[in-house]
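# A structural walkthrough
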Amino acid sequence: RSTRFYEFKIQTTRVTKLCNTKEIVTVNHMFPGPVVYAQEDDRIIIKVTNQSPYNATIHWHGIRQRLSCWFDGPSYITQCPIQPGQAFTYEFTMFQQKGTFFWHAHVSWLRGTVYGGLIVYPKTGVPYPFKYPYEEHIIILGEYWLQDVVQLERQVIASGGPPPPANAFTINGHPGPNYNCSGNDVYKIDVVPGKTYLLRLINAGLNMENFFGIANHKLTIVEADAEYTKPFTTTLVMLGPGQTVNVLVTADQPIGKYSMAMGPYMSAQGVAFQNISAIAYFQYLGALPNSLSLPAKLPNFNDNLAVKTIMDGLKSLNPVNVPKEIDTNLFVTIGLNVQKCRSKTPQKNCQGVNNGVMAASMNNISFVKPNISVLEAFYKKIDGFYTDDFPGAPLKFYDFVNGAPNNIPNNTNAANGTRVKVLEYGSRVQIIFQDTGTLTTENHPIHLHGYSFYVIGYGTGNYNPQTANFNLVDPPYMNTIGVPVGGWAAIRFTADNPGVWFMHCHIEIHLSWGLGTVLIVKNGKGELERLPHPPADLPRC
Ligand code: C2O
């Protein structure tokens, strides 16, 4: 096992896109940022220096941070932000993990421009479960705003409405020819006819869930959220923000130039936008450079059936270890809330985020970030920053569950609080997520830090234990699950990684509105079941 060193300098960089030049925050002046490469079981050390004017942290999405939760990165959960001019070194092991991950800022909406790939190869000599392809490429889906993303968050919260759509979708930072001034701002892969390619797809976008496909080509999914899947051949994939998928694609079509397209499946609150896809090229050697690219056909906006077909195709390749018994069973409603206001016209002094009208919640609790990190409060036993009474089911009073789907209840007010759920070490946990129709029903990509979980079931409508079918044989092992629109998803995992772990919707505006909670997993008894000490230089608030 070796140690990999990286230096991340968070700094502002001038970029020109969409006929417009502006400053964005990047890492090492790169957009997307630098790729971190490692092998399974390697140690990764990354010194992050914040030279930007904003508070920053970096999260290593999908990496379980075994016994090192203070290097996980979510601001006010495991650390306070790295302030402008300060530095912090993240140090962790890729303990029994390999595959496609990514890293991103985890404070305000900074991850809109601060993100990059994190690729972990198997240990030397350990084969892939498929014939290793001719070449591999990282494909990061993103969203680009002409506005500063940190200010954008403040504005959206103040507006009380949904976020505006991005000015462009991007593939590896490039919008492609469908957008103004972007004919040459396009990503391209040159392919050799007959060869097979591994594409490592990452959705780093803020607020959109996206389809991806390549004109006339089949994609074979072999990995989802950095765990191998049974090969599943399809013409398209859908990735919510926070999801990664590896696909194999063979250049088996007539020599030509083909579009790789990224287009929207669903947006936060169904917000209207121009239905323009980001395009990159999958270009055969021998194709005329100026030839027109063959268009890729993506499903329509809100095509839930297309998404279900892809989900149904995801099965774990390797033997699974799904807990057969459950010690802790949580039923968690997720949804948006229109909050009560003390003054109605104009709406002022509301109970939403920043006194606005909007909130989002789990079990009708809208998560409020504390002023110091939950981790610090927990380990130093400092009272007053959180309570450990996150309810195991929705609060009766609000009774949202019957609202799903599309049946809007009268009372959509959520309570505000920093309520966490404490789990015993080794407890076997089941969580049923239920999407509710408090404002709109939509697909929420729920992400759990510190763990992967088995997705043992999902369906539309209200969860019904009598009719729900669970797959305990080969369920996919994920870290982000798109809970179906107005539907439910069931996950299971064993709480064997002590620490403070954020669980939240990876749609950024929903996170801003409080759609999350924290799971604190207690130490076990054995030496390898207990957290050592946090680093002395962990940033303070
Ligand atoms: Cu990818 Cu809490 O994040």
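Residues numbered from 1 in each chain as written. Predicted model: local features only at pLDDT ≥ 70, side-chain atom pairs only at ≥ 80, totals over all residues.

- The name an unreviewed UniProt entry gives the chain is Laccase, with Acer negundo as the organism.
- Under Sequence similarities (unreviewed entry), UniProt gives the following word-for-word description of the chain: "Belongs to the multicopper oxidase family." (UniProt positions renumbered as here; feature names shortened; annotations may be inferred.)

### Re the sheet that holds strand β3 (residues 36-39)
- Taken together, four strands build an open sheet; the order of strands is β3-β8-β7-β5 and the sheet is mixed. Whereas interior strands pair on both sides, the edge strands pair on one side only; in this sheet they are β3 and β5 (58-61). Averaged over all adjacent pairs, the angle separating strand axes in this sheet is 20 degrees, with direction ignored.
- In this structure, strand β7 (residues 99-105) lies alongside strand β8 (residues 115-121), joined through six bridges in antiparallel fashion. In the sheet register, Gly99 faces β8, and the bridge partner there is Val120. (Pairing = 2+ DSSP bridges. Helix = DSSP H or I, 4+ residues; strand = E, 2+ residues; numbered from the N terminus. Axes fitted to C-alpha atoms, helices over the stretch in contact; angles between N-to-C directions.)

### Re unusual backbone geometry
- The omega torsion across Phe31 and Pro32 is -10 degrees, close enough to zero to call that bond cis.
- Along the chain, Pro32 turns up in the loop between β2 (20-27) and β3.
- We note that His29 has phi near 60 degrees; this positive angle belongs to a residue other than glycine.
- By the element assignment, His29 lies in the loop between β2 and β3.
- For His29, a count of 13 C-beta atoms within 10 Å puts it in the partly exposed group. (Buried ≥ 20, exposed ≤ 12 C-beta atoms within 10 Å, placed from the backbone.)

### Focus on the sheet that holds strand β19 (residues 278-284)
- Judged by pairing direction, the sheet is mixed, and its five strands sit side by side in the order β11-β19-β18-β13-β16 without closing on themselves. Of all the strands in the sheet, the pair left with one neighbour each is β11 (188-191) and β16 (236-239). The average undirected angle you get between the axes of adjacent strands in this sheet is 20 degrees.
- Relative to β19, β11 runs parallel, the two sharing four bridges. The partner of Asp190 across the bridge, within β19, is Gln283.

### Considering helix α1 (residues 149-159)
- Every buried residue belonging to α1 is among Val149, Val150, Leu152, Glu153, Val156 and Ile157, and all of these are buried. Along the axis of α1, the buried positions cluster into a sector of 160 degrees, meaning they face one direction only. Exposed side of α1, more than 90 degrees from the buried face: Gln151 and Ala158 are the residues found there.
- Those residues of α1 that are buried lie in contact with α4 (508-512).
- Two residues or fewer after α1 comes Gly160, characterised by a positive phi angle close to 75 degrees. (Arc of directions from axis to C-beta. Contact = placed C-beta atoms within 7 Å.)

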